[in-house]
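For reference, the chains in residue letters:
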Amino acid sequence: MSFTALSSTLLPDSAPPTVLGAAEPAASGTSIGTPLLWAVSIGAVLLLVLLDFLLTRKPHEVSMREALGWSAFYIALPVAFGAWIWSRNGSAIGVEYYTGYLVEKSLSVDNLFVFMLLLAAFAVPKQLQQRVLLIGVVGALVLRGVFIALGAQMLARFDWTFLFFGVVLLVTGVKLLRDSVQGNEHEIDISSMRSVRLLRRIMPVRDEYHGTRMTVRDAGRRALTPLALVTVAILATDIVFAVDSVPAVYGITGDPYLVFATNAFALLGLRALYFVLEGALSKLVHLGYGLAAILGFIGVKLVLHWAHGIWPVTPEVPTLASLGVIVGILAVVTVTSLRASKRAELEAAQRPTAGADDPDPEPEPARRA
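Cut-offs used in this document
- Residues numbered from 1 in each chain as written.
- Predicted model: local features only at pLDDT ≥ 70, side-chain atom pairs only at ≥ 80, totals over all residues.
- Heavy atoms only, no water.
- 1 Å grid on protein atoms, 1.4 Å probe; cavity = no way out; pocket = protein on both sides within 12 Å on 5 of 7 lines; lining within 4 Å.
- Points joined across faces, edges and corners; volume = space filled by probe spheres on them.
- Helix = DSSP H or I, 4+ residues; strand = E, 2+ residues; numbered from the N terminus.
- Axes fitted to C-alpha atoms, helices over the stretch in contact; angles between N-to-C directions.
- Parallel < 35°, antiparallel > 145°, perpendicular 65-115°, else oblique.
- Left-handed = near helix turned anticlockwise from the far one by under 90°.
- Salt bridge = Lys/Arg side-chain N within 4 Å of Asp/Glu carboxyl O.
- Buried < 20%, exposed > 50% of the residue type's maximum accessible area, 1.4 Å probe, protein only.
- Contact = heavy atoms within 4.5 Å.
- Nonpolar A, V, L, I, M, F, W, Y, C, P; charged D, E, K, R; others polar.

**What about empty space enclosed by the protein?**
Scanning the entire structure with this criterion turns up 2 cavities of 30 Å³ or more. What the second largest cavity holds in volume is close to 30 Å³. If you go around the second largest cavity, the residues you meet are Ser 71, Tyr 74, Ile 75, Lys 105, Gly 269 and Leu 273. Among the elements that take part in the lining of the second largest cavity, helix H3 (residues 64-89) stands out by supplying 3 residues, more than any other.

**Notes on the packing of helix H6 (residues 160-182) against helix H11 (residues 287-310)**
The contact between H6 and H11 brings their axes to 7 Å, and the two run at 160°. One element, H6, and the other, H11, form an angle in the roughly antiparallel class. Regarding H6 and H11, the two cross each other, and that crossing is left-handed.

**Brief notes about the pattern of salt bridges**
For the structure shown, the criterion picks out 2 salt bridges. Ionic pairing is found between Asp 52 and Arg 271, a salt bridge with its closest N-O pair at 3.0 Å. Taken together, the positions of Asp 52 in helix H2 (residues 35-55) and Arg 271 in helix H10 (residues 270-277) put the pair 219 residues apart, joining distant regions of the chain. Pair check on accessibility: Asp 52 and Arg 271 agree, each one buried. Taking the shortest distance from any N to any O, the salt bridge between Arg 144 and Glu 104 comes out at 3.2 Å.

**Some details on the packing of H2 against helix H5 (residues 126-157)**
The interhelical angle for the contact between H2 and H5, taken along N-to-C directions, is 165°, at an axis separation of 10 Å. The pairing of H2 with H5 is recorded here as roughly antiparallel in orientation. H5 is crossed by H2, and the crossing has left-handed handedness. Contacts between H2 and H5 involve Val 45, Val 49, Asp 52 and Phe 53 from the former and Arg 131, Leu 134, Val 138 and Leu 141 from the latter. Partitioned by chemical class, the residues of the contact of H2 with H5 number 6 nonpolar, no polar and 2 charged.

Structure (structure tokens):
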């Protein structure tokens, strides 16, 4: 299933609410996505992906100036689009869009952590890194398109989908929290990855990279390059992130078009954002705690929404309150992460290192006694 299939199955049945806080997280059947809007949006996404492939056609090391320029573009574009959504559809839809985008962008930073570890584990040359990242982004777009369509159909047919999505997010949040406490939330062992082991069994693998080629002929037999292995590894991780991110944004809005738009905008700028944040990613030491809290919060929100349909007295969390909670969590973990990183750097700088390389100095006479 591709993105083009979305417009034929996820068209609006009724007008969306326009009162702030009135829209429920899974108000399936209501969408602002007209056939024209779907077509223009999908066409714009495909055009931007094509542009990215053209930019990475000739492998080169990305400069900070280039990365900053494209990152600014990919942040300004969804912000401006959100302003258009707000002015055309009202404040409730606008808040849903910006909240969903913020959630997806936060989760995409976690994608970057994993991408960074995979690029390092496979020793991907600098000039090839942006091509690998772009393939990962395209794979994530396709997979999330599939999950968005499946999620919309489930929400439209089964009331228990709200509970199911909520439980998925709660379980994921607990796992993230446990991994963060244990300090292994971003550990990767490529030798244990099933996708990599399967490829090694099917075809021989060369040790060296050959530009952007996935396969080469070796002794008369076709062999994979390391680029093929890292590409498959990244696509495999895309599946895991799609399972988490799509239910998360469905916890904010039930509009399939907004789910699609927030996912697409959050992913399109990842290639450039990686090179901007490459050095800063390691400083976000508490991000795992923040994402665990966000996923747990949205999971509870979905469970409450499901319970409200059965027991109307059950309270629900308004979208505007969700936005405040998510912004607050991200602000807290960013500040605490930077403080913890700075404290660690100061402690490392103050740690004595002279005795590590120099021979032990002659003891003082007083010490001999």
